[in-house]
Amino acid sequence: MTNDKLLQIKNLKKYYNKGAIKALDDVSIDIHRGDVMVVIGPSGSGKSTFLRSLNLMEEPTDGQIIFHNIDITKKSFINKAGKKEKVNINLHRQKMGMVFQHFNLFPHKTILQNMILAPVKVLKMPQEQATEKALALLARVGLEDRANAYPIQLSGGQKQRVAIVRALMMEPEVMLFDEPTSALDPEMVGEVLSVMKELANSGMTMVVVTHEMGFAREVGNSMLFMDEGKILEQGDPKELFDNPQHPRLQDFLSKVL
Amino acid sequence: MCIGKEIIMNNFITAEGFEKTFRYIKLIEQGIFTTIMLALFTVVIGFILGILLAIMRMTDFRPLRFLAYGKKGRIRNNRALVAISKFNPIAFLATAYVEILRSTPVLVQIMIIYHGVFGKLIEIPSFTMFGFLKSNRFIPGVVALGMNSGAYLCEIIRSGIQSIDGGQTEAARSLGMTKVQTLVHIILPQAIKNILPAIANEFVVIIKESSITYTIGVQDLMFAVTAVQGANYIVMEPLLVATAVYFCLCFPTSKLIAYFERRMSRGDKR
Ligand SMILES: Nc1ncnc2c1ncn2[C@@H]1O[C@H](COP(=O)(O)OP(=O)(O)OP(=O)(O)O)[C@@H](O)[C@H]1O
Ligand SMILES: [Mg+2]
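Residues numbered from 1 in each chain as written. Chains lettered and ligands numbered in written order. Predicted model: local features only at pLDDT ≥ 70, side-chain atom pairs only at ≥ 80, totals over all residues. Heavy atoms only, no water.

## Details of the side chain of B:Thr34
Residue and element names in this part refer to chain B.
Piece 1. With respect to the secondary-structure elements, Thr34 resides in helix 2 (residues 25-58).
Piece 2. Among the polar contacts listed, one links the side chain of Thr34 to the backbone oxygen of Gln30, at a separation of 2.7 Å.
Piece 3. Discounting chain neighbours no more than four positions away, the residues touching Thr34 are Phe132, Leu133, Phe138, Val218, Gln219 and Asp220. (Helix = DSSP H or I, 4+ residues; strand = E, 2+ residues; numbered from the N terminus. Polar contact = N/O pair within 3.5 Å; in protein donor to acceptor, adjacent residues only side chain to side chain. Contact = heavy atoms within 4.5 Å.)

See the structure below:
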């Protein structure tokens, strides 16, 4: 872990129904380059809302998210030349890969087309170069022979591995995972977790919402425990698992472990 | 020829009647061609208009949004203000258009377009296409039919777009794609595939409905029928010929599109 702050989250709030529901209630945390931050907590505690706020899939009610020295929750910022400039969220999202519980592959496109679409259309990468890159990434997750298949022809575990490498095509600086193994049959969880583990070992910054406590403990190097929209405890996963301080965390762990 | 006498139309079906009808084969051919041109132009205009209207109805443009917020950006308690703040003029216009066109007869719409809009407001240069299609009748006819089917296609397209899982948009946007790129590359291809049967159905409806343009003098198939009827005092034979032609246009079209739809859906199911 370095001290290089990649994402700074300051006093982030997300309210629904005019504040009746506080999905995020004043959350502040720094994410450093190379961090593998795992987020745990009971259902409805705001884990997804937290993760989805980071790339503004969810628009926060209040607070700041500093990415590359820009508060991306605002409409504009003052650039280096001292001029007011619009925040282009699409630009920042390219640098934040996201993996969903339900994969969300594009069903009308082949695996290869799924992977090269955004690089070609968004980054204007030449088609051949994108294809080459996609095939290399597919080989890395053992799916090079499925390049021309459609998503429907793949198993859940294969789909999720494709979803991960599809996000990697954009060369993100951070990868966001929202319960990536929750929709999988038990026998397919392992293959996805091992891809994620390999990704973590390669130095990728990751934020992972998960119910896989084994993975959280083994792969995570920092952990957040959330409840009712707040971060109740944070620290090294092994310490939190072995020596939880907050009664809610103790209670939560006694139920899931 | 029959001054002072009532014209007696022959309601019987005779071989002679068919023979007389086929003497006008040139007129009937032109009518068929016109009908096909009407339907093709209409479906293109209707489809473009339908996509535009569907996008308008789905915009998130709320210029009065600020009314909902008081000091410090807090949402006001005043319900009326909050309700007004949600007003979307673009969506309102599109919705009004769709509802009005779907709730009035196409015959009335054609008359208004022909006599009102193109008769008074807009002057169409008068020219002849393909040697017989008169622009000052064909264009109002196509515009009226296109405007009408645009309203129906808007609703078909909108339901198609809304049937696509929200996760698709999220995945595309999370890869940095813009709203427009997401619509063009992810949402529309899937939506259009889903609604192809409904669009095909609309195309067949347009072929049949285009017959109404004979009331403003478009020389389509029905125009040919009335011409033959009037010249020969026969009723049934030209109508039967028209029936056969309409059937031969519509039935294979719907079968053909159903075939392509089956083939297309094979790609991602297997
Ligand atoms: N669109 C919405 N409208 C209203 N309330 C919402 C909305 N989205 C989320 N919430 C509420 O916000 C809270 C946090 O939800 P969130 O999905 O972040 O929880 P979570 O920790 O991811 O739960 P889970 O483990 O079930 O996925 C919940 O109380 C939820 O009901
Ligand atoms: Mg969740």
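## Observations concerning the site of ligand 1
Residue and element names in this part refer to chain A.
Piece 1. The full set close to ligand 1 counts 13 residues, and Ser43, Gly44, Lys47, Ser48 and Thr49 are the nearest of them.
Piece 2. In this structure, Lys47 approaches ligand 1 through a side-chain N or O atom, which is 2.8 Å from an oxygen atom.
Piece 3. Protein contact buries 61% of the 630 Å² of open area that ligand 1 shows by itself.
Piece 4. Contributions of two or more residues to the shell around ligand 1 are made by strand 2 (21-32) and helix 1 (47-54).
Piece 5. For the shell around ligand 1, the element with the most residues is helix 1, which contributes three residues.
Piece 6. A breakdown of the residues in the shell around ligand 1 according to their chemical character gives four nonpolar, seven polar and two charged. (Near = heavy atom within 4 Å. Areas by Shrake-Rupley, 256 points an atom, 1.4 Å probe, with all protein chains shown as cover. Nonpolar A, V, L, I, M, F, W, Y, C, P; charged D, E, K, R; others polar.)

## A word on unusual backbone geometry
Piece 1. Look at A:Asn104: it is not a glycine, yet its phi comes out positive at around 55°.
Piece 2. Within the secondary structure, A:Asn104 is located in the loop between strand 8 (96-99) and helix 3 (111-121).

## Digging into the packing of helix 2 of chain B against helix 8 (residues 179-209) of chain B
Residue and element names in this part refer to chain B.
Piece 1. Put simply, helix 2 and helix 8 touch, their axes get as near as 11 Å, and they point 140° apart. By the criterion of interaxial angle, the relationship of helix 2 to helix 8 is oblique. The crossing of helix 2 and helix 8 is right-handed. Across the interface between the two elements, Thr35, Ala39, Leu40, Thr42, Val43, Phe47 and Ile55 of helix 2 pack against Leu183, Ile192, Ile199, Phe203, Ile206 and Ile207 of helix 8.
Piece 2. Grouping the amino acids of the contact of helix 2 with helix 8 by side-chain chemistry returns eleven nonpolar, two polar and no charged. (Axes fitted to C-alpha atoms, helices over the stretch in contact; angles between N-to-C directions. Parallel < 35°, antiparallel > 145°, perpendicular 65-115°, else oblique. Left-handed = near helix turned anticlockwise from the far one by under 90°.)

## Remarks on the sheet that holds strand 1 (residues 5-16) of chain A
Residue and element names in this part refer to chain A.
Piece 1. The sheet built from four strands is open, its strands ordered 2-1-4-5 with antiparallel pairing. The open sheet has two edge strands, strand 2 and strand 5 (70-71), and neither has a second partner.
Piece 2. The pairing of strand 1 with strand 2 spans nine bridges and is classified as antiparallel. Residue pairing for strand 2: Gln8 is matched across the bridge by Asp30.
Piece 3. Across the sheet, helix 1 touches strand 1, strand 2 and strand 4 (62-67), and the angle it forms with strand 2 is around 55°. (Pairing = 2+ DSSP bridges.)

## Describing the packing of aromatic side chains
Piece 1. Within the structure shown, the criterion is met by five aromatic pairs over all chains.
Piece 2. Relative to B:Phe138, the ring of B:Phe41 has its centre 5.8 Å away and its plane inclined at 85°; by these criteria the two rings are edge-to-face. Here B:Phe138 lies in helix 6 (residues 135-162) and B:Phe41 lies in helix 2, a separation of 97 residues in the sequence.
Piece 3. Since its relative accessible area comes to 40%, B:Phe41 is described here as partly exposed.
Piece 4. Here B:Phe138 falls in the buried class, since its relative accessible area comes to 4%.
Piece 5. Measuring from ring centre to ring centre gives 5.1 Å for B:Phe247 and B:Phe251, while their planes differ by 10°; the resulting arrangement is stacked. In this pair, B:Phe247 and B:Phe251 are both assigned in helix 10 (residues 236-266), four residues apart and thus about one turn of the helix distant.
Piece 6. Relative accessible area serves as the criterion here: at 51%, B:Phe247 is assigned to the exposed category.
Piece 7. When the ring centre of A:Tyr15 is taken as origin, the NZ or CZ atom of A:Lys22, which lies over that ring, is 5.5 Å away.
Piece 8. Directly above the ring of A:Phe106 sits A:Arg166, whose terminal nitrogen or CZ lies 4.4 Å from the centroid. (Phe/Tyr/Trp six-rings, centres within 6.5 Å; stacked < 30°, edge-to-face > 60°. Buried < 20%, exposed > 50% of the residue type's maximum accessible area, 1.4 Å probe, protein only. Lys NZ or Arg CZ within 6 Å of the ring centre and 35° of its normal.)

## Things to note about the pairing of strand 12 (residues 230-235) of chain A
Residue and element names in this part refer to chain A.
Piece 1. Two strands pair when backbone bridges link them, and strand 11 (residues 222-227) and strand 12 are joined in this way by five bridges, in the antiparallel orientation. Across the sheet, Asp227 pairs through a bridge with Lys230, a residue of strand 12.
Piece 2. Taking the residues between adjacent antiparallel strands as the criterion, strand 11 and strand 12 are bridged by two residues, where Glu228 takes a positive phi near 50°.

## Observations regarding the nonpolar core
Residues and elements named next belong to chain A.
Piece 1. Of all hydrophobic cores here, the largest spans 61 residues; its most connected members are Leu7, Ile9, Val27, Phe50, Ile72, Leu176 and Val207.
Piece 2. Leaving out residues up to four positions away in the same chain, Ile72 has contacts with Leu54, Leu56, Ile65, Phe67, Val87, Ile89, His92 and Met96.
Piece 3. Counting 53 residues, the second-largest nonpolar core is a separate cluster that includes Leu154, Val165, Met169 and Met188. (Core = buried A, V, L, I, M, F, W, Y, C linked by side-chain atoms within 4.5 Å.)

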